[in-house]
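Examining the three-dimensional arrangement
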Amino acid sequence: MNQDILMQTVARLVKPPKGILAIDESLPTCNKRFEKLDIPTTEEKRREYRELLVTAPNIEKYVSGYILFDETIRQSTKNGKNFTSILQSKGIDIGIKVDAGTVDLIGHSGEKTTKGLDGLADRLKEYKKLGATFAKWRAVYAIGENIPSVGCMKTNAEIFAKYAKLCQENDIVPIVEPEVLIDGDHTIEKCYEITAYNLQVVFDELRTANVFIPGIILKTSMVLPGKDTKEKSSSGKIAEMTIKCLKEKVPSVIGGIVFLSGGQSDEDATRNLNAMHKIGPLSWPLTFSYGRAIQNPALQSWAKNSSDIANAQKLLLEAARNNSLASIGQYK
Ligand code: 13P
């Protein structure tokens, strides 16, 4: 493990005013989003869509890294240029989703764990050759009656630690992504309690496994009320509770913290990040790593008219710019 390389990669990824764009939807997730918009679910259509994301002019002003999926890291433009070399030529870091999705956690009804550790050491070596400098692993936690359980949180935290160690041994920065799901009618206080407890469990395991904390990025969900609750929270309250939770539970030496958008509206995801930067000063770099909240307008435009690449790219750039402004508290 080369700590300098890890810290330099982290520093590039979270350097203001930039954040990370997640375009690493797995085949089932990408196909689900395509189906909703009547886009054919073929490899060629996924390639075409990802080509417009990767080649969007000037995106490097706002985005420091792209997280790719296994299929995407091997793809090229219609003219035969590797996506990876295009990103590298813009100075954008290449990330790769290395988990293999979630599965039911045996003995824990309604809870999930994440698979993909088998063969991970070899895959990381291959991804590194393909240009990856960082990786992502996501675990999900549903809030419900008596869940998430301590067992579920501990199981996922142990897996995070194994994944993070393997990444760091290969000089690849691990993004550790514990996502507390927005589904349900829980209160924001409940989300706070679960997120805080879980972050404690995650960092306890990472420290126990001797993961180099300055050489990781935490990708977390915000502290939010469930999407089915009637009680709405202001951006100010979401920001205040999220920052309180992160200040209490995330070691100040961490390389950086980024957010997923997790099913919030695009506008909410941007406003909430902006509100956090109004609070300051923060102990760590804090920015976005959105998928949907940046891609949505572009995907919708492309679904309506797939020949108008320029409009889709314009919308992508606009969303990236708004979130870049939010990452320095300047979004209006
Ligand atoms: P969303 O921003 O769409 O939640 O996606 C981010 C991500 O990488 C989820 O794993």
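The structure contained in this document is the topic of the report that follows. (Residues numbered from 1 in each chain as written. Predicted model: local features only at pLDDT ≥ 70, side-chain atom pairs only at ≥ 80, totals over all residues. Heavy atoms only, no water.)

With that settled, the discussion passes to the packing of aromatic side chains. Counted by the stated rule, this structure contains 5 aromatic pairs. When the centroid spacing of 5.8 Å and the interplanar angle of 80 degrees are considered together, the rings of Phe-34 and Tyr-49 count as edge-to-face. Of this pair, Phe-34 sits in helix α2 (residues 27-36) while Tyr-49 sits in helix α3 (residues 43-54), placing them 15 residues apart in sequence. When sorted by exposure, Phe-34 lands in the same class as Tyr-49, which is buried. Seen in terms of ring centroids, Tyr-49 and Trp-302 are 5.3 Å apart; in terms of plane orientation they differ by 35 degrees. Their pairing is tilted. On the criterion of sequence distance, the pair formed by Tyr-49 in helix α3 and Trp-302 in helix α11 (residues 292-304) is long-range, its members being 253 residues apart. (Phe/Tyr/Trp six-rings, centres within 6.5 Å; stacked < 30°, edge-to-face > 60°. Helix = DSSP H or I, 4+ residues; strand = E, 2+ residues; numbered from the N terminus. Buried < 20%, exposed > 50% of the residue type's maximum accessible area, 1.4 Å probe, protein only.)

Moving on, we get to the nonpolar core. Tyr-66, Tyr-163 and Leu-206 are the most contacted members of the largest nonpolar core, which totals 93 residues. Ranked by residue count, the leading element in this core is helix α8 (residues 188-208), at 10 residues. Once you skip the residues sitting within four places of it in the chain, Tyr-163 turns out to touch Val-98, Leu-117, Leu-120, Ala-135, Lys-136, Trp-137, Pro-174, Ile-175 and Val-176. Grouped together as the second largest cluster of nonpolar side chains are 13 residues, Val-14, Val-173, Ile-175 and Ile-217 included. (Core = buried A, V, L, I, M, F, W, Y, C linked by side-chain atoms within 4.5 Å. Contact = heavy atoms within 4.5 Å.)

As a further point, take the layout of surface pockets. If a probe the size of a water molecule is rolled over the atoms, the empty space left behind becomes visible. As a volume, the largest pocket reaches approximately 1,100 Å³. Contributing to the lining of the largest pocket are 36 residues, with Glu-25, Thr-29, Arg-33, Arg-138 and Arg-292 lying nearest its centre. For the lining of the largest pocket, the elements supplying multiple residues, two or more each, are α2, β6 (132-141), β7 (173-180) and α11. Ranked by residue count, the leading element in the lining of the largest pocket is α2, at 5 residues. Here the lining of the largest pocket is built from residues that sort into 9 nonpolar, 11 polar and 16 charged. Here the second largest pocket defines a volume of roughly 250 Å³. As for the second largest pocket, its lining consists of 16 residues, of which Leu-224, Pro-225, Lys-232, Ile-238 and Asp-268 are closest to the centre. Those elements that provide at least two residues to the lining of the second largest pocket are α9 (235-249) and α10 (266-279). (1 Å grid on protein atoms, 1.4 Å probe; cavity = no way out; pocket = protein on both sides within 12 Å on 5 of 7 lines; lining within 4 Å. Points joined across faces, edges and corners; volume = space filled by probe spheres on them. Nonpolar A, V, L, I, M, F, W, Y, C, P; charged D, E, K, R; others polar.)

Reading around the barrel, the 8 strands line up as β1-β2-β3-β6-β7-β8-β9-β10 and close back on themselves, with parallel pairing between neighbours. Between one strand and the next, the sheet's axes are offset by a mean angle of 25 degrees, whatever the strand orientation. Examined bridge by bridge, β7 and strand β8 (residues 217-220) share 2 bridges and lie parallel to one another. Each residue of the ladder has a partner; that of Val-176, found in β8, is Leu-218. Docked against the sheet, α10 engages β9 (256-259) and β10 (286-290), running at close to 170 degrees with respect to β10. (Pairing = 2+ DSSP bridges. Axes fitted to C-alpha atoms, helices over the stretch in contact; angles between N-to-C directions.)

The next subject is the pattern of salt bridges. Under the criterion given, the structure shown has 24 salt bridges. Look at the salt bridges and you will find they share partners, linking Asp-24, Lys-136 and Glu-177 into a network. (Salt bridge = Lys/Arg side-chain N within 4 Å of Asp/Glu carboxyl O.)

Attention shifts here to the environment of Gly-107. Here Gly-107 is to be found in the loop between β4 (102-104) and β5 (112-114). Exposure remark for Gly-107: the relative accessible area of 79% places this residue in the exposed category.

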